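These are the residues of each chain, in order.
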Amino acid sequence: MNKVITRFAPSPTGHLHIGGARTALFCWLLARHYGGEFRLRIEDTDLERSKQEYTDSILASMRWLGLDWDGELAYQTQRTALYNAAVDRLLETGKAYWCSCTPEEVEAMREAARARGDKPRYDGRCRDKHLGPAPGSVVRLNVAAVMPDGGRIVFDDMVKGHIAVDVDELDDMILRRSDGMPTYNMAVVVDDHDMGVTHVIRGDDHVSNTPKQILLYKALGWDLPVFGHVPMILGPDRQKLSKRHGARAVVEYQKDGLLPAALVNCLVRLGWSHGDQELFTMDELIEFFDGTNLNSSAAAFDFEKLNWFNAHYLHETPVEELVRLVEPFVVRKGLDVTAEALVPMVALYRERANTLLDLADDMARMLCPTEAVVYDEKAAAKALTDEGRAQLRALHDVFAALPDFDPATLDTALNSYVAGNGLKFKQVGPPLRVALLGNQSGPHLPDLMAVMGRERVLSRLERAGRA
RNA sequence: GUCCCCAUCGUCUAGCCGGCCCAGGACAACGGCCUUUCACGCCGUCAACGGCGGUUCAAAUCCGCCUGGGGACGCCA
């Protein structure tokens, strides 16, 4: 088998969204699996909507996901000579022709076709006029010249299987726009051929472009790559993913404190499987992803499952690594802590957090000024009774007098206080929790207090104990 | 409207060259265990082959139709 070359070709008109990310992931994995190349190409021929900031954002998201690319980044706007040469060749061989119809005229044709119940299309009226270049003119493909006998365009899709379309369904599409820029289908074919792409994997919104592109390969006399059209990713309501479904862009997940490993794992399972296995390391993915076991039906994105993946990877991440990852989130909350001080806190909360943002929230609850602790209404009403406050005042003095402030000492002190005063633990535990963090959940009390430190604990007990 | 694609638990999916499947795994939900709280973890329960016809001794698996969903039809990509 020749070297496998795949490519991801986003257009810089927005951030990298999860659909594109999954396509990129599949392309990357296939290339890595076969020891081939994964190329990246920026499709910026739409001068109106393409923005450098989006290119930068897409690249940043790719790096964050761990999808590195081979060779130079290609920009279509810098490759116009290539497209022009191909269009000219088509013109010379009669496989393409100049068309002087205005957009309005073409739109009228489409309307007429629609009215007849036909597929809206260009009627080919300039095909035999032998027009030359003129301002406002475009170049169109001469389908009849490429496929004189009509017939069908057939191809075997890696994920969809056998697909066939009548040549009659295709019209003389524009290859070069009046501004001299190539159209999408033209540029894609020229680029994929020039870059030696062997496997074109993309979203299945492109299946209907494929016969058109195959026509171009034929017109140019080039070998076809293998096509693979992966189904779309839908929202939880099975509708097309849109803003109202929440985060779509990879950067948003990054901001929400998701781990790239979790997003990768979640995305790869949307449309691909390896038996019953759910969790994969990158190495395993590379080993198993060979282009088979791709699912041909659309999948709904499940935020809950992403959350589960994230919690899993978060719990697996070594504490030191986690500290490094959570630090920016902690800083963003305006907290002033050193990484060193964060270590025991992260260790304490790692298992109960689902995202880095959760973890930062937990840090904030421990580190904020005493007066900023927010008491959960229900918990406070139940725990901060007159009796509860009295316990807190007594506890304050017990803890203040302790020789050490480590978990063992605190555990003993707390238990002997409870036992020595003929109390039940639930008379002391709940008020203590509310005093410390404002709510009723969290780590084991002695561990929590040891990590928070005596000063903070006493200050919080003092505040909550005030009548 | 025309063309193309798709169809297993609420969701992601395994199975789909027919019998091993009165359909397996995971998320969610629910119940329990663990626990001085909350999580984590562990155990368990609920839950699906869209409909109708064929082919066959036998169909989730093959074929047809229907229904439903999606996509495309641009001088966007």
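Residues numbered from 1 in each chain as written. Chains lettered and ligands numbered in written order. Predicted model: local features only at pLDDT ≥ 70, side-chain atom pairs only at ≥ 80, totals over all residues. Heavy atoms only, no water.

K.L.:
Account for the pattern of salt bridges, with residues named and values stated.
P.N.:
Going through the model one piece at a time under the given rule, you end up with 29 salt bridges. A salt bridge links Lys3 to Glu37, with the nearest nitrogen and oxygen atoms 3.0 Å apart. Separated by 34 residues along the polypeptide, Lys3 in the segment before β1 (5-8) and Glu37 in strand β2 (residues 37-42) bring together distant segments of the chain. Between Asp361 and Lys333 there is a salt bridge, with the nearest N and O atoms lying 2.8 Å from each other. On the criterion of sequence distance, the pair formed by Asp361 in helix α14 (residues 356-367) and Lys333 in the loop between α12 (319-332) and α13 (339-349) is long-range, its members being 28 residues apart. (Salt bridge = Lys/Arg side-chain N within 4 Å of Asp/Glu carboxyl O. Helix = DSSP H or I, 4+ residues; strand = E, 2+ residues; numbered from the N terminus.)

K.L.:
Break down the protein's contact with RNA strand B for me, with residues and values.
P.N.:
In the vicinity of RNA strand B lie 58 residues, with Arg177, Gly271, Arg352, Phe425 and Gly442 positioned nearest. Of everything in RNA strand B that lies within 4 Å of the protein, sugar and phosphate atoms constitute 68%. Measuring from a phosphate oxygen of RNA strand B, one finds a side-chain N or O atom of Arg238 at 2.7 Å. Elements with a minimum of two residues in the surface near RNA strand B: α4 (103-116), β7 (161-166), β12 (299-300), α11 (303-316), α17 (407-420) and α18 (425-437). With 3 residues, the single largest contributor to the surface near RNA strand B is α11. Here the surface near RNA strand B is built from residues that sort into 14 nonpolar, 21 polar and 23 charged. (Near = heavy atom within 4 Å. Polar contact = N/O pair within 3.5 Å; in protein donor to acceptor, adjacent residues only side chain to side chain. Nonpolar A, V, L, I, M, F, W, Y, C, P; charged D, E, K, R; others polar.)

K.L.:
Could you give an account of the pairing of strand β9 (residues 199-203), naming the residues involved and the relevant values?
P.N.:
Two faces make up the sheet, and in a regular strand the side chains alternate between them. Taking burial as the measure, the 5 residues of β9 include 5 buried ones, the bulk of the element. Relative to strand β10 (residues 226-230), β9 runs parallel, the two being bridged by 5 bridges. Counted as the bridge partner of Val200 is Phe227 from β10. (Buried < 20%, exposed > 50% of the residue type's maximum accessible area, 1.4 Å probe, protein only. Pairing = 2+ DSSP bridges.)

K.L.:
Lay out the domain arrangement of chain A in plain terms, naming residues and giving numbers.
P.N.:
Taken domain by domain, chain A holds domain 1 (1-73 + 231-313), domain 2 (80-230), domain 3 (317-368) and domain 4 (372-464). Taken over C-alpha atoms, the centre of domain 2 sits 54 Å from the centre of domain 3. (Domains from an automatic or database assignment.)

K.L.:
Got a sec to walk through the pairing of strand β5 (residues 138-141)? Specific residues and values, please.
P.N.:
The side-chain alternation of β5 yields two buried faces, one formed by Val138 and Arg140 and the other by Val139 and Leu141. In the sheet, strand β4 (residues 96-99) pairs with β5 via 4 bridges, with the strands oriented antiparallel. Looking at the pairing, Tyr97 lines up with Arg140 of β5. Where β5 lies against strand β8 (residues 174-176), 2 bridges are found, and the strand directions are antiparallel. Across the sheet, residue Val139 finds its bridge partner in β8, namely Arg176.

K.L.:
Which residues make up α18, and what values do they have?
P.N.:
In a regular helix each residue adds 1.5 Å, so 13 residues correspond to 18 Å; α18 covers 18 Å between its end C-alpha atoms and thus fits that length. Of all the residues in α18, the buried ones are Val428, Gly429, Pro431, Leu432, Arg433, Val434, Ala435, Leu436 and Leu437. Note on α18: the residue one or two positions beyond its end, Gly438, has a positive phi of about 90 degrees. (Expected span 1.5 Å × (residues − 1).)

K.L.:
Explain the sheet that holds β4 to me, using residue names and the numbers behind them.
P.N.:
Strand order in the open sheet formed by 3 strands is β4-β5-β8, and the pairing between neighbours is antiparallel. Looking at which strands have only one partner, the edges of the open sheet turn out to be β4 and β8. Strand-to-strand twist of the sheet, defined as the mean angle between neighbouring strand axes without regard to direction, takes the value 45 degrees. Across the sheet, helix α3 (residues 80-92) lies against β4, β5 and β8, angled at about 125 degrees from β8, the strand it touches most. (Axes fitted to C-alpha atoms, helices over the stretch in contact; angles between N-to-C directions. Contact = heavy atoms within 4.5 Å.)

K.L.:
So what's going on with the side chain of Arg433? Residues and values would help.
P.N.:
Here Arg433 is to be found in helix α18. The buried charged residue Arg433 lacks any salt bridge, with Asp447 as its nearest oppositely charged partner at 8.9 Å. Apart from the residues lying within four places of it in its own chain, the contact partners of Arg433 are Gly438, Asn439, Gln440, Ser441, Gly442, Pro443, His444 and Leu445. (Lys, Arg positive; Asp, Glu negative; His and termini not counted.)

K.L.:
I'd like to hear about the packing of α3 against helix α7 (residues 210-220), residue by residue, with values.
P.N.:
Two packed helices can be described by the angle between their axes and the distance between those axes. Contact geometry for α3 and α7: axes closest at 10 Å, N-to-C directions at 70 degrees. The orientation of α3 with respect to α7, classified from their angle, is roughly perpendicular. Touching Ala86, Arg89 and Leu90 of α3 are Leu216, Ala219 and Leu220, all from α7. In terms of residue class, the contact of α3 with α7 is made up of 5 nonpolar, no polar and 1 charged. (Parallel < 35°, antiparallel > 145°, perpendicular 65-115°, else oblique.)

K.L.:
Outline the layout of surface pockets, supporting the account with residue identities and numerical values.
P.N.:
If you add up the space inside the largest pocket, you get close to 1,000 Å³. Every residue lining the largest pocket is counted, 37 residues in all, and those nearest its centre are His17, Gly19, Gly20, Asp205 and His206. Of the residues forming the lining of the largest pocket, the biggest block, 4 residues, is contributed by helix α1 (residues 18-33). Considering only residue class, the lining of the largest pocket consists of 15 nonpolar, 11 polar and 11 charged. The residues that make up the lining of the largest pocket include at least three from each of domain 1 (1-73 + 231-313) and domain 2 (80-230). Of the volumes computed, that of the second largest pocket is approximately 370 Å³. Here the lining of the second largest pocket is built from residues that sort into 11 nonpolar, 1 polar and 8 charged. (1 Å grid on protein atoms, 1.4 Å probe; cavity = no way out; pocket = protein on both sides within 12 Å on 5 of 7 lines; lining within 4 Å. Points joined across faces, edges and corners; volume = space filled by probe spheres on them.)

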